[in-house]
Amino acid sequence: MAQITETIKYYKPTLRRQDMQGVLEAMADEAIGPGERKALFEENICDLTGFNKAYALRTMALSLEMALSEMNLPENARILVSPLSPSVYGRVITSLGYELAFADTDKQSGIMNYTSGVDKCDAIILYIPGASYPDERFKEYKDRIIVDISKAVGMKGFSSFAKYGVCSFEANDVISCGGGAVLLSEDEIESEYYQDEAMSDLNASLGCVQYKFFNEFANKRREIYQNYQNAVMRSSAKNTIFGSPDADLKTEEINASSFSLTMAGRVEEVMKLASKSKIEIVKTFEDSLAVKMNLKDDSLTNSVFTAIRTVSFPLYYFLKSSETERVSKMLSHLM
């Protein structure tokens, strides 16, 4: 048997050489600052998400800050979040002088559970880590809700749950602009954040290219996801597919943004096996509030368990068939 020499990277940006024409045009037109391409990218994101308005900004922190500022919250407002949320939530919320509050998550979807504390908060940020929708009862509090669809972009039902949405476009996101994010809204917004911190045309050009081929890329990811799913079913291990285990992969809205397993055994053993197999995997929630704040509260048991036991495997358009087979083989042999 030939020795495996090349490591399968966890992530590669979905940008092909022939797709870079739009970016080159932006540079040739000296369209580096915010302009026509930013406006076009905002239209693209509205089409993908179902929100009426989109405001492309330079960072996710700015998008969150702008959304919270639009909600006219009282001083010391209480903001309810999931422990699985990215750590940037904590930095933004505390910097604005608001109180950070937590609600536990569903074990499979990773989305915040609907709890009795919902009505006691001034605002709620629903983080969507996979291809699932929140509890329908959250719709009653739509005017208080911001939904983060960074991992679920392409699914259009979230505007019925939230007044505002946010979506990140960092290097390893579903759509990457090399940085930046978007604030989504049902209504038009006039804000100094948008005027001063809008995304550049150069970054927006990267997003426009990926929007053009979004369905093609998503179809390939769904195909790979299905292969991984089948491999896990062949394994004797009691690991759980996280995020969208029962998703209908024939549904075009399911973007199959990642493939993650919540491990029944020790994560360290899986990391060692992956390293030996020369497959790069990551701890899914390494940057979560649960991990960064070392949360141990007994009322957050699902979130804490998920945060420390979930790992993600390579899933992107440029994976070769031979690489997909290697990952599938590893998944089927997990103990």
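Reading the values: rules and limits
Residues numbered from 1 in each chain as written. Predicted model: local features only at pLDDT ≥ 70, side-chain atom pairs only at ≥ 80, totals over all residues. Heavy atoms only, no water. Axes fitted to C-alpha atoms, helices over the stretch in contact; angles between N-to-C directions. Helix = DSSP H or I, 4+ residues; strand = E, 2+ residues; numbered from the N terminus. Left-handed = near helix turned anticlockwise from the far one by under 90°. Contact = heavy atoms within 4.5 Å. Nonpolar A, V, L, I, M, F, W, Y, C, P; charged D, E, K, R; others polar. Parallel < 35°, antiparallel > 145°, perpendicular 65-115°, else oblique. Buried < 20%, exposed > 50% of the residue type's maximum accessible area, 1.4 Å probe, protein only. Pairing = 2+ DSSP bridges. Polar contact = N/O pair within 3.5 Å; in protein donor to acceptor, adjacent residues only side chain to side chain. 1 Å grid on protein atoms, 1.4 Å probe; cavity = no way out; pocket = protein on both sides within 12 Å on 5 of 7 lines; lining within 4 Å. Points joined across faces, edges and corners; volume = space filled by probe spheres on them.

Peer 1: Help me get a handle on the packing of helix α2 (residues 36-49) against helix α6 (residues 201-212), residues and values and all.
Peer 2: Think of two packed helices as two axes; the pair is described by the angle between the axes and how far apart they sit. α6 packs onto α2 with a crossing angle of 40° between their chain directions and a minimal axis gap of 8 Å. Helix-helix and strand crossings are classified by hand; for α2 and α6 the assignment is left-handed. On α6, the residues that touch Glu 36, Arg 37, Lys 38, Leu 40, Phe 41, Asn 44, Asp 47 and Leu 48 of α2 are Asp 201, Ala 204, Ser 205, Gly 207, Cys 208 and Tyr 211. A class-by-class count of the residues in the contact of α2 with α6 yields 6 nonpolar, 3 polar and 5 charged.

Peer 1: A description of the packing of helix α7 (residues 214-234) against helix α11 (residues 321-332) should follow, citing residues and the corresponding values.
Peer 2: At a minimum axis distance of 7 Å, the contact between α7 and α11 shows a crossing angle of 25°. Classified by the angle their axes make, α7 and α11 are roughly parallel. Considering only the axes of α7 and α11, their crossing is right-handed. When α7 is examined against α11, the residues Ile 224, Asn 227, Tyr 228, Ala 231, Val 232 and Arg 234 are found in contact with a partner set consisting of Thr 324, Val 327, Ser 328, Leu 331 and Ser 332. Residue composition of the contact of α7 with α11, by class: 6 nonpolar, 4 polar and 1 charged.

Peer 1: Can you break down the environment of Glu 65 residue by residue, with the values?
Peer 2: Following the sequence through the fold, Glu 65 ends up in helix α3 (residues 60-70). Classification of Glu 65 as partly exposed rests on a relative accessible area of 21%.

Peer 1: I'd like a rundown of the side chain of Thr 324, residues and numbers included.
Peer 2: Topologically, Thr 324 is positioned in helix α11. With near-sequence residues (within four places) excluded, Thr 324 lies in contact with Ile 224, Asn 227, Tyr 228 and Leu 319.

Peer 1: Can you tell me about the sheet that holds strand β7 (residues 181-185), naming the residues and giving the values?
Peer 2: On the basis of which strands lie adjacent, the open sheet formed by 7 strands has the order β1-β7-β6-β5-β4-β2-β3 and mixed pairing. Two strands bound the open sheet, and with one partner strand each, they are β1 (53-57) and β3 (99-102). Across the sheet, the axes of successive neighbouring strands diverge by a mean angle of 20°, strand direction being ignored. Relative to β7, β1 runs antiparallel, the two being bridged by 5 bridges. Counterpart to Lys 53 in the pairing with β7 is Ser 185. Helix-sheet contacts for α3 involve β1, β2 (78-81), β4 (123-127), β5 (145-148), β6 (164-168) and β7, and the interaxial angle to β6 is about 175°.

Peer 1: Which residues make up the side chain of Thr 310, and what are the values?
Peer 2: Within the element layout of this structure, Thr 310 appears in strand β11 (residues 310-313). Under the relative-accessibility criterion, Thr 310 is labelled buried at 1%. A distance of 3.0 Å separates a polar atom in the side chain of Thr 310 from a polar atom in the side chain of Thr 262. A distance of 2.6 Å separates the side chain of Thr 310 from the backbone oxygen of Thr 306, its partner in a polar contact. When near neighbours in sequence (up to four residues on either side) are disregarded, Thr 310 contacts Phe 242, Ser 260, Leu 261, Thr 262, Val 282, Lys 283, Thr 284 and Phe 285.

Peer 1: Kindly report on the layout of surface pockets, identifying the contributing residues and their values.
Peer 2: In this structure, the largest pocket occupies an estimated 870 Å³ of space. Looking at the lining of the largest pocket, the elements with two or more residues in it are α7, β10 (282-283) and β11. By residue class, the composition of the lining of the largest pocket is 20 nonpolar, 15 polar and 8 charged.

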